[in-house]
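# Working through the structure, step by step
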Amino acid sequence: MSNSKLTRRNLITLLGGATAGLLAGCKESPDDLRQEAVIESQLGTPSDLYFLSLEEVSRLIEARRISPLELTQGILDRIGILDRQLMSYATVTADRALEAAGKAEKELAAGNYRGPLHGIPVAVKDLFYTEDIRTMGGLAVNREFVPKFDATVVKRLDSAGAILVGKLNLTEGAMAGYHTDFEIPRNPWRKDLWAGASSSGSGVAVAAGLCYGALGSDTGGSIRFPSMANGIVGLKPTYGRVSRHGVLPLAPTMDHVGPMTRSVADAAIMLQAMAGYDSNDPTSLKESVPDMLQNSDLDISGMTVGYDPVFSGEGIDAGLVAAIEQALETLRQLGAEIVEVKMPEGTREMVDIWFQICAYEARQAHAQHFPDSADKYGAWFRNFLEIGSAVTDEQYTAASHMRAAFNRKFNALLESVDTLVSPAGGLTFPLDPEIQYRGMAELEPLFTAVQMYFTIPADFAGTPALTVPCGFSEESVPYALQFMGRRLSEPTLIRIGRAYEAAKRWHQRHPVV
């Protein structure tokens, strides 16, 4: 296409002739191919292009139906218009993005196609180092911090040809509250709904079509909560599967880095590029990285799906429970065996243990600035670091032993099934943005409403968890479930998630923005 702007007319032309290019070499079943053709036949406005999956738009790029430069400029224009209200971006890297898009365009013209991320606009949570671009982490003490190198994951996405369009807002220090120097991202489904924490900007930007994929981090649920709240897919990998080098820490023994996208296949594509050993990260795993999209036939016959109806149902929104039970029935119809299991005794009590460990490690991670510059921290995170200062070495050791004992039981349960299903953290809810700038007492309604006991087990054990949409309430509030698995079982979770997604297609429902 010759026009630099994606108008309705040239988008209709683009999509009208794109089906053959999209279907060429596609490995999906005939039913999937027909569904893709139906989806494309419904497209006709520039907005539709930005809600395509990363996988779908990558086929357009590979077929030379759209250029990376056009796509990137369109995303930047869209951010400029919509993010005034959504506030998902902390920094927009327009110059870097357009330079990279121009480079990608030349490479494609020369026949040098790097793969499905080549020319794709993505964004990263503002915890990830970016060379010569501020990395603030939602922290006033870091407002002027400009790294001299890219985080390993940022570098790997760049090597795969992805286009970085910006850095995304988050809670202060990747915990719960915000610093008043920073904007609070707004949930695109409904502005009064909580957007999740701490990767809130990542969830909002992906859900609103302001990028095709984003990086988040998860220490106590910070990929899964925003994915749940914004109706998108989030993948927390095995601890050490993805390097944390060049990522601002919260609690180093529990910090995980993972992708947030609009489909399971998109998350797999991003994880494939990000994963692998990194000598700069002492916790990085040396195990080889498998094909994350293996078993493209999506057959899950005979696979075992564990579910604890008491753990996943007591005190949980009835509509969400019904949606998850319907999802289990869908998996049963696809050939999986649903097995009733029991979560380890005391799982819900692990929330208190998590807070002790996280606060202690966060206090160590912020030793450079806290307590000497305590007045530069926001109310909630300052309170949290004060708690960390009060946790003794002996208390931390005792909590770590309790964590290890829980992990042994949880890992044994994971070994008994192919995946374990539960809510992905509960259900999002209305939350006044202003109280998110305040201290712990004022923000207590948040911790009353969220269910961290669903997210903490996989962070404690360092095992993978995949969040996928599983429906909507009558008020169009997103529902989500998570598939948890044993260590290094990402391909299995991806296979199950893709099979469910193909059967229900909740991921194709998008907010009106």
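Going by the structure above, here's the rest.
Presented here is an overview of the structure given in this document. (Residues numbered from 1 in each chain as written. Predicted model: local features only at pLDDT ≥ 70, side-chain atom pairs only at ≥ 80, totals over all residues. Heavy atoms only, no water.)

### A few points about the overall build of the protein chain
Helices and strands together make up the secondary structure of the protein chain, namely 18 helices and eleven strands. Computed over its C-alpha atoms, the radius of gyration of the protein chain comes to 21 Å, within 12% of the 24 Å expected for a compact globule of 513 residues. Residue burial in the protein chain is summarised as follows: out of 513 residues, 61% are buried. Contacts spanning at least 24 positions in sequence make up 79% of the contacts within the protein chain whose residues lie at least 6 apart. Side-chain charges of the protein chain comprise 47 positive and 62 negative groups, with the mean position of each set lying 4 Å from the other. (Helix = DSSP H or I, 4+ residues; strand = E, 2+ residues; numbered from the N terminus. Rg over C-alpha atoms; globule rule 2.2 N^0.38 Å. Buried < 20%, exposed > 50% of the residue type's maximum accessible area, 1.4 Å probe, protein only. Contact = heavy atoms within 4.5 Å. Lys, Arg positive; Asp, Glu negative; His and termini not counted. Charge placed at Lys NZ, Arg CZ, Asp CG, Glu CD.)

### Description of the packing of aromatic side chains
Applying the stated criterion to the full structure yields 20 aromatic pairs. For the ring pair Trp-194 and Phe-225, a centre distance of 5.8 Å and an interplane angle of 55° mean the geometry is tilted. Here Trp-194 is found in the loop between strand S3 (163-168) and helix H9 (200-207), whereas its partner Phe-225 is found in helix H10 (residues 224-230), with 31 residues between them in sequence. Per residue, the accessibility class of Trp-194 equals that of Phe-225, and both read buried. A centroid spacing of 5.7 Å and a plane angle of 15° characterise the contact between Trp-380 and Phe-447, whose relative ring orientation is stacked. Taken as a pair, Trp-380 in helix H14 (residues 379-390) and Phe-447 in helix H16 (residues 444-449) lie far apart in primary sequence, 67 residues in all. We classify Phe-447 as partly exposed; its relative accessible area is 23%. Aromatic ring contacts, followed pair by pair, group Trp-354, Phe-355, Phe-370, Tyr-377, Trp-380, Phe-381, Phe-384 and Phe-447 into a single cluster. Directly above the aromatic system of Phe-182 lies the positively charged group of Arg-143, at a separation of 5.0 Å from the ring centroid. Note that Arg-509 overlies the ring of Phe-472, its terminal NZ or CZ placed 4.1 Å from the centroid. (Phe/Tyr/Trp six-rings, centres within 6.5 Å; stacked < 30°, edge-to-face > 60°. Lys NZ or Arg CZ within 6 Å of the ring centre and 35° of its normal.)

### Notes on helix H5 (residues 54-62)
Counting along an α-helix, one turn takes 3.6 residues, and residues three or four places apart therefore face a common direction. By the criterion of burial, H5 is predominantly enclosed, with eight of the nine residues buried. Every buried residue of H5 is listed here: Leu-54, Glu-55, Glu-56, Val-57, Ser-58, Arg-59, Leu-60 and Ile-61. Where H5 terminates, the next one or two residues include Arg-64, which has phi positive at roughly 60°.

### Digging into the environment of Ser-279
Along the polypeptide, Ser-279 turns up in the loop between helix H11 (264-274) and strand S7 (304-307). Residues Ser-279 and Gly-240 lie 39 residues apart in sequence; the distance between their C-alpha atoms is 11 Å.

### What to know about the side chain of Asn-142
Looking at the element boundaries, Asn-142 is found in the loop between strand S2 (121-125) and helix H8 (152-159). On the basis of relative accessibility, which here comes to 10%, the residue Asn-142 falls in the buried class. With residues up to four places along the chain from it excluded, the contact list for Asn-142 reads Thr-135, Met-136, Leu-248 and His-369.

### A short note on the pairing of strand S6 (residues 256-261)
Of all six residues in S6, six are buried; the element is thus mostly enclosed. As defined by bridge partners, strand S4 (residues 214-218) adjoins S6 across five bridges and the pair is classed as antiparallel. Opposite Asp-218, over in S6, you have His-256 as the bridge partner. Here strand S5 (residues 233-236) runs beside S6; their pairing, made up of two bridges, is antiparallel. Counted as the bridge partner of Gly-234 is Met-260 from S6. (Pairing = 2+ DSSP bridges.)

### Quick look at the pairing of S3
Within S3, six of the six residues are buried, which leaves it mostly tucked inside the rest of the structure. Across three bridges, the pairing between strand S1 (residues 89-92) and S3 is antiparallel. Looking at S3, one finds that Tyr-89 is bridged to Leu-168. Both S2 and S3 contribute to a ladder of five bridges, which runs parallel.

### Observations concerning unusual backbone geometry
Of note, the amide linkage connecting Ala-197 to Ser-198 takes the cis form, showing an omega dihedral of 0°. When you line up the elements, Ser-198 lands in the loop between S3 and H9. For the peptide bond that leads from Phe-370 to Pro-371, omega is 15°, which places it in the cis range. One can find Pro-371 in the loop between helix H13 (350-365) and H14. Of note, Ser-476 is a non-glycine position whose phi angle comes to about 65°, a positive value.

### Here's the deal with the nonpolar core
Phe-128, Leu-331 and Phe-483 are the most contacted members of the largest nonpolar core, which has 152 residues in total. Sorting elements by how many residues they give to this core places H13 first, with nine residues. In this view, Phe-483 contacts Leu-331, Thr-419, Leu-420, Val-421, Pro-464, Ala-465, Leu-466, Val-468, Leu-493, Ile-496, Gly-497 and Tyr-500; residues no more than four positions away in its chain are not counted. (Core = buried A, V, L, I, M, F, W, Y, C linked by side-chain atoms within 4.5 Å.)

### Notes on the pattern of salt bridges
For side chains of opposite charge, pairing can occur when their charged atoms come near one another. Under the criterion given, the structure shown has eleven salt bridges. Between Asp-459 and Arg-224 there is a salt bridge, with the nearest N and O atoms lying 2.7 Å from each other. With Asp-459 in helix H17 (residues 456-461) and Arg-224 in helix H10, this pair connects stretches of sequence that are 235 residues apart. The residues Asp-459 and Arg-224 share a single accessibility class, namely buried. Here the salt bridges do not stand alone but share partners, grouping Asp-218, Arg-224 and Asp-459 into one network. (Salt bridge = Lys/Arg side-chain N within 4 Å of Asp/Glu carboxyl O.)

### Examining the packing of H13 against H14
Where H13 meets H14, the closest approach of the two axes is 7 Å, and the angle between their N-to-C directions is 95°. Classified by the interaxial angle, the pair formed by H13 and H14 is roughly perpendicular. Side by side, H13 and H14 meet where Phe-355, Cys-358, Ala-359, Tyr-360, Ala-362 and Arg-363 of the first sit next to Phe-384, Leu-385, Ile-387, Gly-388 and Ser-389 of the second. (Axes fitted to C-alpha atoms, helices over the stretch in contact; angles between N-to-C directions. Parallel < 35°, antiparallel > 145°, perpendicular 65-115°, else oblique.)

### Quick word on the packing of helix H6 (residues 68-86) against helix H7 (residues 94-109)
Packed helices, taken two at a time, are described by their axes: the angle between them and the distance between them. As a packed pair, H6 and H7 sit with axes 8 Å apart at the nearest point and diverge in direction by 160°. Relative to H7, H6 is oriented roughly antiparallel. For the element pair H6 and H7, the recorded crossing hand is right-handed. Residue-level contacts link Pro-68, Leu-69, Thr-72, Gln-73 and Leu-76 of H6 to Ala-94, Ala-97, Leu-98, Ala-101, Gly-102, Ala-104, Glu-105 and Leu-108 of H7. (Left-handed = near helix turned anticlockwise from the far one by under 90°.)

Everything listed here is a matter of coordinates, which is why it stays silent on function.
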